[in-house]
Amino acid sequence: MIQDDKGVLNIIGLQASINNIPILNGVNLTLKAGEIHAIMGPNGSGKSTLSKVISGHPSYQVTGGDITWEGTSILTLKPEERARLGIFLAFQYPVEIPGVSNLDFLRLAYNVRQKERKLPELDPLSFLELATQKLKLIDMDSNFLHRNVNEGFSGGEKKRNEILQMALLNTQVAILDETDSGLDIDALKSVANGIKQIKTPETTLVLITHYQRLLNYIEPTFVHIMEKGRIIQTGDMNLVTKLEKDGYNYLNVDMSISR
C-alpha cells in the first residue's frame, strides 16, 4: 500500500532524537483527510516519540527530514501554533491542572481555535451549552466541566476528557497515543463510540496502540508497524489479526523494507 504525497500532513524522512539519542530514523507517512491510521510496534519502537515530534514537543530535536502541513513545513512552529492549525494529541497519560476548571480550560482552547479559523468565539453561557451537548457523545456527566482539569479523574475519565477536547476543537488531525490503555471494556466502548461520532469525513485519525481491541471498534484504513524508529510494514486489519496471533516475531525487520 503506497500512498502519494498529497496529504494534509506529510512526514518525510523524519529523524529525531532526545538527549542526543536517536529515536526516529527516517519515518515516512502521508495522512489524508478522512483516513484512519493505526500505528503499532513493540515497546521502544518510536511510536510515542513520533506523536510528540509531530505535535512539537520541545524535548525532541528533529535532526533530519520534514513535517509539512498542506505543503508547508511546520518544523519551526511551536506546539500551540500547530494546535491552532488543527493538530491534536491525546496523551497516553493526561496531566492534571490544579486550580483550572475544565470548563474554563476548554473554552479558552476552543476560542483560540475559533480565532485561528476566523470563526465567532463563544461567551461562557453559549460555550457551556455546546460543551454539554458534546458530553453526551462520550457519556460524561456535566459535573466534570466544573472540576479542575483531570484532577481526581479516573483513567477512563481522563481519556474521555481528551476526546471531549478533540470534539470541541474540531480537530483536523487527531493523534491518540494509547487512548485504550488502562480502560475497561465499558470505558473502551464509550471512548471508541465517542471517537466515531466525532470523526467527520475531513478528520484524520492516528491511533497508536498495542492491541487489536480498539481497532475492533474503529477499523483503520492503514495499519503501520514501527521498529527501531522506522515504519517497516503497512497493511490493513489483516495485519493486525496476524500480529494478534503471532506477535512481532514473524515480521521481517530488515530496514531495507521500510517505507
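Below, the structure is looked at part by part. (Residues numbered from 1 in each chain as written. Predicted model: local features only at pLDDT ≥ 70, side-chain atom pairs only at ≥ 80, totals over all residues. Heavy atoms only, no water.)

1. Quick word on the nonpolar core
Part 1 of the argument: Counting 44 residues, the largest nonpolar core has Leu 168, Leu 176, Leu 205, Leu 207 and Ile 218 as its most contacted members.
Part 2 of the argument: Ranked by the residues each element gives to this core, the list is headed by helix α6 (residues 185–198), at six residues.
Part 3 of the argument: For Leu 176, the residues in contact, after removing those within four places along its chain, are Phe 88, Ala 90, Ile 163, Met 166, Ile 195, Val 206, Leu 207 and Ile 208.
Part 4 of the argument: Of all hydrophobic cores here, the second largest spans 25 residues; its members include Leu 29, Leu 50, Ile 87 and Met 226. (Core = buried A, V, L, I, M, F, W, Y, C linked by side-chain atoms within 4.5 Å. Buried < 20%, exposed > 50% of the residue type's maximum accessible area, 1.4 Å probe, protein only. Helix = DSSP H or I, 4+ residues; strand = E, 2+ residues; numbered from the N terminus. Contact = heavy atoms within 4.5 Å.)

2. Looking at the packing of aromatic side chains
Part 1 of the argument: Taken as a whole and judged by the stated rule, the model has two aromatic pairs.
Part 2 of the argument: Ring geometry for Tyr 110 versus Phe 127: centroids 5.4 Å apart, planes at 50°, classification tilted. A residue pair is termed long-range when its members are at least 10 positions apart, and Tyr 110 in helix α3 (residues 102–116) and Phe 127 in helix α4 (residues 124–135) qualify at 17 residues.
Part 3 of the argument: When the centroid spacing of 5.1 Å and the interplanar angle of 80° are considered together, the rings of Phe 144 and Phe 153 count as edge-to-face.
Part 4 of the argument: On the basis of relative accessibility, which here comes to 12%, the residue Phe 144 falls in the buried class. (Phe/Tyr/Trp six-rings, centres within 6.5 Å; stacked < 30°, edge-to-face > 60°.)

3. Regarding the packing of α4 against helix α5 (residues 155–168)
Part 1 of the argument: In contact at an axis separation of 10 Å, α4 and α5 are set at 125° when each is read in the N-to-C sense. Relative to α5, the element α4 is oriented oblique. Here α4 and α5 pass one another in a crossing that is right-handed. In this structure, α4 uses Phe 127, Leu 130, Ala 131, Lys 134 and Leu 135 to contact α5, whose residues at the interface are Leu 164, Ala 167 and Leu 168.
Part 2 of the argument: Taken together, the residues that form the contact of α4 with α5 break down as seven nonpolar, no polar and one charged. (Axes fitted to C-alpha atoms, helices over the stretch in contact; angles between N-to-C directions. Parallel < 35°, antiparallel > 145°, perpendicular 65-115°, else oblique. Left-handed = near helix turned anticlockwise from the far one by under 90°. Nonpolar A, V, L, I, M, F, W, Y, C, P; charged D, E, K, R; others polar.)

4. Focus: the pattern of salt bridges
Part 1 of the argument: Taken as a whole and judged by the stated rule, the model has three salt bridges.
Part 2 of the argument: Between Arg 84 and Glu 116 there is a salt bridge, with the nearest N and O atoms lying 3.7 Å from each other. Taken together, the residues Arg 84 in helix α2 (residues 79–85) and Glu 116 in helix α3 connect sequence positions 32 residues apart.
Part 3 of the argument: A salt bridge links Lys 242 to Asp 246, with the shortest nitrogen-to-oxygen separation between them at 2.8 Å. One end of the pair, Lys 242, and the other, Asp 246, are both in helix α8 (residues 237–246), four residues apart, so they sit about a helical turn from each other. (Salt bridge = Lys/Arg side-chain N within 4 Å of Asp/Glu carboxyl O.)

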